[in-house]
Amino acid sequence: MTSRLAGQAGLGRAVLALGMCGAAGGALVAGLVLPFAGGAGLAARSAASVLTDLPVPLREEPLPEVTRLLDRNGHQIAQFYYQNRQSVPLSAVAPVMRQAIVAIEDARFYEHGGLDLKGTLRAFVTNTRAGGIRQGGSSISQQLVKNIMLSQAESEQERAQALVRSFRRKLDELRYALALERKYTKDQILERYLNIAYFGAGAFGVQAAAKRFFGVDAADLTLTQAATLAGAVRTPYDTDPTLGDEHRDRLRARRDLVLGRMAELGVIGKDAARTAAAGPLALHLRPEPGGCAGSAHPFFCVYVEREVLTNPAFGYTRADRERRLQRGGLTIWTTIDPVAQRAAERAIASRVSPRDNQVASETMIEPGTGRIRAMAVSKRYGRNPHDRDLGPATTYNLAADMAHGGGLGLQAGSTFKVFTLATALKQGMRFGDGFTIPGAYVPSYGYRDCSGKSVNDPNTVIHNAGGEGGGGPLSLEMGTWQSVNIFYMRLEREVGLCDVVQTAKSLGIRRADGTSLHEVPTFTLGANEMDPTTVAAAYAAFAARGRYCRPMAVTAVVERDGTRTETPPACVTALEPAVADAVSHVLTGVFTKGTMRGQSIGRPVAGKTGTNNGYTSAWFAGYTPALAAAVSVGDIRGSYRYPLTGVTIGGRYYGAVQGASLPGPIWVDSMHAALRDTPAYGFVPPDMARFGGGFTPGLKEALEKQREKEKKKREAEREKHDGDGDSASDEDATDGAASGGEHASGSTGTTPLAGGAGGARTAPTAVRAPAAPASRSTVRSTVVRPARDSPIAAAARSAARGTSPRAPLRRGPGGVPATTGRTGWASLARHHAAPPAAPPAVRRAEASRAEARRDTARSGTAERGTRKHATADATANHRTTTPATAERRAAVPHRTPRGRRSAVSHEGTNPPANRSTTHNAKHSAPHNANRSAAHDAKHAAKPNANHAAKPPARDPAPRRAGSPARRHHPAHPVRRRA
């Protein structure tokens, strides 16, 4: 008993003696003095109790660590953190770094048991003499306890309590340090300290500090680098090198101090210390931005961030999910494809500037999985200078809905017609089925929403878009290819508004603002505001043969302990595969016969343009079997207040932005680049036994009537020009139209309707800024003219013109526009490759025809000319009439014995001209083979109505073999008479 009391008294005298060294000896020393003010005996007993009855070691929560986002190839694209930290084992830290931190912070770390009284007294004396902090007074174990308390602080108040200088906090810190010494080995304590310590410049832990200061891993630190980091730990804010030269000077002084201390302890030689101290800091500061602002793909990053924060799989509450994202140290594998992302970004940047008020957005989605491969916006992500609303940047993810950081969305326009098309095919409609539409339409009856409520609107008058004509018979394909509004309003009424809405919902259609869909008669015209991601996912379902997959951005999550959780696609069968195949079959015609004619990516594609009433927004959505994408364009200031008319976007002037004039070319260029390394696959052919053989009443007769009308116009033109033109091209248009009408009416039962309705939106309105060079994707000027007659006539003109916003203007001698290949309705039925050059037999036949014409003119004898014409026709027809199939006839067009063009079936493959040049091409094509450039220039711009009728001076000249009008391809040169 006596010895125990003596021991306690001795401990009390030792502590008292230490405290008498001065109050400035440190908070711990000063604090330990206070308990003994009431008497040595009481002090001894209290001190013994404090230092022997140790608490349970601090509960150590996992340290806040960086969450990393990786692309599909495993490359980091973003990171989130509360503290920039990446914990590493002690074996992954360079030995020299361990030596440096121990030398400057706790030289006797491997000798004491948590409380180093000798080291504390030595530090007090050294620091007092130096007039500043040169050595640490607390052990590494004590510093670890302090950092644990700081890391667990949830508020600024808790953080302040962890840093307060008081006897109670210092005494608790000491007791917990002693408890840690009992729980862990020295190396385990050192490892925890190196991972938790703050080194300045936003770097927590030695790994993050090594990356931040020098751009290397902690395992690769050199002596100089290790000494620099070890010196920064004591005063990380005063030595933060990112704050200026003064702070860097302090950091260098601390580095040299560490080097001197290491030499003093014999860890390194004095010469090595002097050499290292003579060198510069050699910092290579690498920014480590957190959040999406520093991401290479910020809009996709925002989508992933919102997905994590709203998905219950990442936590029960939003606070739990945010904590996990900021502190969890997760590795999140995402779906983004760098190739597709670059393709989308470049396609948008080439046509829309960040400074434009108009903004373009695009999302690409993989069919069958829903994986988002690209997400791009024309503006930069972030805030504008002075926090202005308008400028080159935005914080809205305009490619997504509001739940994923987007805005209110844009009306989707005619891209919604695809849901009515799918519903009609699902209910039994066949290719070629159709009906006659009026020139205007009032939805006064027949529309009920899914609650059974009548939603008719007798006060609204629906008109077709410019160029769609005033009415007439149309088939399912014609109405789709040319996007005829009235046709689809009538079709929606026939199949049922609610059925169309249900089809759309099954394909994932939801409004961008999260509210219920507007179930109104104009639903099929895209009255709901959408985002590109939702629309792209819906179209991807058609590419996947009816399998709809929810858009997904995360494929796997790896916990900090290495546990990996895969995220499977969320897919359902929304449509029968046969119905989806039939939809794809119709939508392929949009590129070959409809509003996107002339624009291609060199592989099978399907899609739909969308131009809203009043040009408030423009869309294009399309797909291949491998990838689907949707592009939207609208004014960020408000689509209704600022329609896309009379605007300059990306340096080009647009009279009116349509789906085919800006979103369409963006889609084409981005998809072409995104799929450059992907094999080209075709769509599954439709079940013709189920979907073929439809009938449109009156369509055949309307086409025949239109053919006669066009024939009379051609005769008037020939008379006006003294019969020196070649009328074959115009005959192609109308004879081909008649052939297409026969197919459309269902007479064959094997070929769907081949044709186009009155030229809807085939004339883009873009004008390149002056002095800009032409290119493959140049969008040129057009003039929109109202339809002069029926949609059937307009359709024939549209098919013959072949207009396209991407077709460069070809000019002949003297600057006169060269003829474009003109095709008739029948030429819209099948796809074919560019026709070969005329064979020798055909060239000989042409020479024979020319000789016959000359003989007839010299002798005035029709008989000789007739014989020679018959011989030439027989030669030319030799290989085109046997076997007599449409495919062989399409390969080599020929003239019938009456001198009229055969009803062959070509698919329009030539890039059409834009509206400003189509009129020129229309009137130059029948005559370009035999007239001079001056004559072309004189008559190219005159409309048909200005050509007065005359009696024919002579028989129309036979068409030249291989001429552009005959071959339907702009690659063939224009032959002119010398």
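The text that follows walks through the structure, step by step, so that each part is easy to find. (Residues numbered from 1 in each chain as written. Predicted model: local features only at pLDDT ≥ 70, side-chain atom pairs only at ≥ 80, totals over all residues. Heavy atoms only, no water.)

1. Looking at the sheet that holds strand β21 (residues 618-623)
Part 1 of the reasoning: Read from one edge of the open sheet, five strands run β7-β6-β22-β21-β20, paired in antiparallel fashion. Two strands close off the open sheet at either side, each with one partner strand: β7 (372-377) and β20 (606-611). Within the sheet, the average angular offset between the axes of one strand and its neighbour, ignoring direction, is 5°.
Part 2 of the reasoning: Relative to strand β22 (residues 628-635), strand β6 (residues 358-365) runs antiparallel, the two sharing eight bridges. The residue bridging A360 from the neighbouring strand is V633, located in β22.
Part 3 of the reasoning: Sheet contacts for helix α21 (residues 532-543): β6, β7, β20, β21 and β22; angle to β6, the most-contacted strand, approximately 35°. (Pairing = 2+ DSSP bridges. Helix = DSSP H or I, 4+ residues; strand = E, 2+ residues; numbered from the N terminus. Axes fitted to C-alpha atoms, helices over the stretch in contact; angles between N-to-C directions. Contact = heavy atoms within 4.5 Å.)

2. Digging into the environment of A232
Part 1 of the reasoning: Along the chain, A232 turns up in helix α11 (residues 223-232).
Part 2 of the reasoning: Residue classification places A232 among the buried residues on the basis of a relative accessible area of 0%.
Part 3 of the reasoning: Between the C-alpha atom of A232 and that of R254, which follows or precedes it by 22 residues, the distance is 7.0 Å.
Part 4 of the reasoning: Sequence-distant contacts of A232, that is, excluding residues within four places in its chain, are made with F199, T239 and L251. (Buried < 20%, exposed > 50% of the residue type's maximum accessible area, 1.4 Å probe, protein only.)

3. Observations concerning the pattern of salt bridges
For side chains bearing opposite charge, pairing can occur when the charged atoms are close.
Part 1 of the reasoning: Inspection of every chain in the model, using the stated rule, returns 27 salt bridges.
Part 2 of the reasoning: D337 is paired through a salt bridge with R72; the nearest N and O atoms lie 3.6 Å apart. Of this pair, D337 sits in the loop between β5 (331-334) and α16 (338-349) while R72 sits in the loop between β1 (67-70) and β2 (76-80), placing them 265 residues apart in sequence.
Part 3 of the reasoning: The class for D337 is buried, based on a relative accessible area of 13%.
Part 4 of the reasoning: Among the ionic pairs, E494 bridges to R493, the shortest N-O distance being 3.3 Å.
Part 5 of the reasoning: Residue classification places E494 among the partly exposed residues on the basis of a relative accessible area of 47%.
Part 6 of the reasoning: Taken together, the salt bridges that share partners define one network made up of R490, R493 and E494. (Salt bridge = Lys/Arg side-chain N within 4 Å of Asp/Glu carboxyl O.)

4. Here we look at helix α4 (residues 95-105)
Part 1 of the reasoning: Counting buried positions over the 11 residues of α4 gives eight, a clear majority of the element.
Part 2 of the reasoning: Buried within α4 are the following residues: V96, M97, A100, I101, V102, A103, I104 and E105.

5. Side note on the packing of α16 against helix α23 (residues 663-674)
Any two packed helices are characterised by how steeply their axes cross, that is the angle between the axes, and by the distance between the axes.
Part 1 of the reasoning: At a closest axis distance of 8 Å, the pairing of α16 and α23 adopts a crossing angle of 150°. One element, α16, and the other, α23, form an angle in the roughly antiparallel class. Handedness of the crossing formed by α16 with α23: right-handed. Residues V339, A340, A343, A344, A347 and I348 of α16 form the contact with α23, whose own contacting residues are I666, D669, S670, A673 and A674.
Part 2 of the reasoning: Its residues assigned to classes, the contact of α16 with α23 comprises nine nonpolar, one polar and one charged. (Parallel < 35°, antiparallel > 145°, perpendicular 65-115°, else oblique. Left-handed = near helix turned anticlockwise from the far one by under 90°. Nonpolar A, V, L, I, M, F, W, Y, C, P; charged D, E, K, R; others polar.)

6. Considering helix α14 (residues 298-310)
Counting along an α-helix, one turn takes 3.6 residues, and residues three or four places apart therefore face a common direction.
Part 1 of the reasoning: Between its first and last C-alpha atoms α14 spans 18 Å; for 13 residues at 1.5 Å apiece the expected length is 18 Å, and the two agree.
Part 2 of the reasoning: Of all the 13 residues making up α14, 10 are buried; the element is thus mostly covered by neighbouring parts of the structure.
Part 3 of the reasoning: Those residues of α14 not exposed but buried are P298, F299, F300, C301, V302, Y303, V304, E307, V308 and L309. (Expected span 1.5 Å × (residues − 1).)

7. Focus on the packing of aromatic side chains
Part 1 of the reasoning: Across all of its chains, the model carries 17 aromatic pairs by this definition.
Part 2 of the reasoning: Seen in terms of ring centroids, F299 and Y381 are 5.6 Å apart; in terms of plane orientation they differ by 90°. Their pairing is edge-to-face. Taken as a pair, F299 in helix α14 and Y381 in strand β8 (residues 380-381) lie far apart in primary sequence, 82 residues in all.
Part 3 of the reasoning: For F299, a relative accessible area of 4% translates into the label buried. (Phe/Tyr/Trp six-rings, centres within 6.5 Å; stacked < 30°, edge-to-face > 60°.)

Geometry only, nothing functional implied.
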